[in-house]
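The chain contents come next:
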Amino acid sequence: MSEPSFAALVSRWYERNARDLPWREPGVGAWAILVSEIMLQQTPVVRVLPAWRAWLDRWPTPAALAEDTPAEAIRMWGRLGYPRRAVRLRDCAAAIVERHGGEVPDRLDQLLALPGVGTYTARAVAAFAFGQRHPVVDTNVRRVVCRAIAGEPDAGPATRPADLVATEELLPAEPAAAALASAAFMELGAMICTARSPRCAMCPAESVCAWRASGQEAPTGPTRRPQRYAGTDRQVRGLLLAVLREATGPVPHQRLDQVWHDGVQRARALAGLVTDGLVEPAGEDSFRLVGDGPPMIPLP
Ligand code: SF4
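Predicted model, so just to flag it, every value in this text is computed and none were measured.

K.L.:
Honestly, the packing of helix α1 (residues 6-17) against helix α11 (residues 175-191) in this entry has me stumped. Any pointers?
P.N.:
To characterise two packed helices, one gives the angle between the axes of the helices and the distance between these axes. Relative orientation of the contacting elements α1 and α11 amounts to 75 degrees, with a least axis distance of 8 Å. Comparing the axis directions of α1 and α11 gives the class roughly perpendicular. Listed contacts from α11 to F6, A7, V10, S11, W13, Y14, E15 and N17 of α1 are L180, A181, A183, A184, F185, E187 and L188.

Written out as structure tokens, the structure is:
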């Protein structure tokens, strides 16, 4: 009898050990899964959990979100970070209503054509919401595949087509089993085969892992410094957005001037928010979240 495949070993482990996350529960719809995937891209699970629930309580369908303003999407996004995702998610909801009658499409090409939905998200929704066979490749999966199959400790720069091919080759032929394996690879990368301290002794794929077989040492300590936040334009943008989120109308420039001492940096951060479509001028010397009120009449 042949040895179980990498996918079979990891899938079996996943069925017994997967974290109990609400977007994985049976019956969760494609819209809820799409929202979870967008939120999880740059935000840890623990912070996404309450935000995901609140978002779906308020906007249980794409149509509900599409009817609301981008400003409300930014308000609900709160402090999840990278708030352009909120505006893109609302644009995505509007496109789903316009092009697909309010139902998240199940075809990969249609998912890929939605605003804010890239290579990873489209395949994740197709696999996890519709049970299709697609390689779902995030940073964790790239690392797992690179170690287990190529025997290299780290995946290096993303090479999207090659990553997709390498992962697809590992998937079982049957679509539901392939979707399960995709979820399992992600979970293995998040919980066991982590970047700096892989727990090979606890890994379900230890017996078939090329990196483990090579006898190479586990990577130790972080190779990248954590990103600085204090004092960056990102922090200033966050402070400005916090004021605008709380406001019920246009916010005068003088009020925004109070959030940060450095005028040059403050102006740069505000200009960045306008360029990114999160904030717009609201009359003379005032600003507001984008779409937060009737269109402005240009000054003569
Ligand atoms: S044996 Fe170690 S390196 Fe290989 S997949 Fe498992 S955790 Fe990762």
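K.L.:
Sorry, what's going on with the pattern of salt bridges here?
P.N.:
Two side chains bearing opposite charge may form a pair once their charged atoms approach each other closely. The tally for this structure, following the rule as stated, stands at 18 salt bridges. Between E72 and R75 there is a salt bridge, with the nearest N and O atoms lying 2.7 Å from each other. Of the two residues, E72 and R75 both sit in helix α5 (residues 70-77), three residues apart, roughly one turn of that helix. Connected through shared salt-bridge partners, R58, D68, E72, R75 and D292 make up one network.

K.L.:
I'm lost on the packing of helix α9 (residues 139-150) against α11 in this one. Help?
P.N.:
Packing of α9 against α11 brings their axes to within 8 Å, and their N-to-C directions diverge by 90 degrees. When the interaxial angle is binned, α9 and α11 end up roughly perpendicular. The residues of α11 that touch α9, namely those facing N140, V141, R143 and V144, are F185, M186, L188, G189 and A190. A class-by-class count of the residues in the contact of α9 with α11 yields six nonpolar, two polar and one charged.

K.L.:
Mind showing me how you'd approach the side chain of H134 here?
P.N.:
Tracing the backbone shows H134 in the loop between α8 (119-128) and α9. Residues within four places of H134 in sequence aside, it is in contact with L108, R123, A126, L171 and S182.

K.L.:
Looking at this structure, I do not really get the packing of aromatic side chains. What am I missing?
P.N.:
Two measures describe an aromatic ring pair: the distance that separates the ring centres and the angle between the ring planes. Taken as a whole and judged by the stated rule, the model has four aromatic pairs. Between W23 and W52, the aromatic rings sit 5.3 Å apart at their centres with planes inclined by 75 degrees, giving edge-to-face as the arrangement. Taken together, the residues span a long stretch of sequence, with W23 in the loop between α1 and α2 (30-40) and W52 in helix α3 (residues 45-58) at a distance of 29 residues. Here W23 falls in the buried class, since its relative accessible area comes to 8%. Judged by its relative accessible area of 7%, W52 is buried. Seen from their ring centres, W55 and W77 are 5.6 Å apart, and the 85 degrees between their planes marks the pair as edge-to-face. In this pair, W55 sits in helix α3 while W77 sits in helix α5, placing the two residues 22 residues apart along the sequence. Like W77, W55 is buried. Three or more aromatic residues link up through ring pairs in this structure, and these residues are W55, W59 and W77. Between the NZ or CZ atom of R147 and the centre of the ring of W211, over which it lies, the distance is 5.1 Å.

Cut-offs and rules
- Residues numbered from 1 in each chain as written.
- Predicted model: local features only at pLDDT ≥ 70, side-chain atom pairs only at ≥ 80, totals over all residues.
- Heavy atoms only, no water.
- Axes fitted to C-alpha atoms, helices over the stretch in contact; angles between N-to-C directions.
- Helix = DSSP H or I, 4+ residues; strand = E, 2+ residues; numbered from the N terminus.
- Parallel < 35°, antiparallel > 145°, perpendicular 65-115°, else oblique.
- Contact = heavy atoms within 4.5 Å.
- Salt bridge = Lys/Arg side-chain N within 4 Å of Asp/Glu carboxyl O.
- Nonpolar A, V, L, I, M, F, W, Y, C, P; charged D, E, K, R; others polar.
- Phe/Tyr/Trp six-rings, centres within 6.5 Å; stacked < 30°, edge-to-face > 60°.
- Buried < 20%, exposed > 50% of the residue type's maximum accessible area, 1.4 Å probe, protein only.
- Lys NZ or Arg CZ within 6 Å of the ring centre and 35° of its normal.

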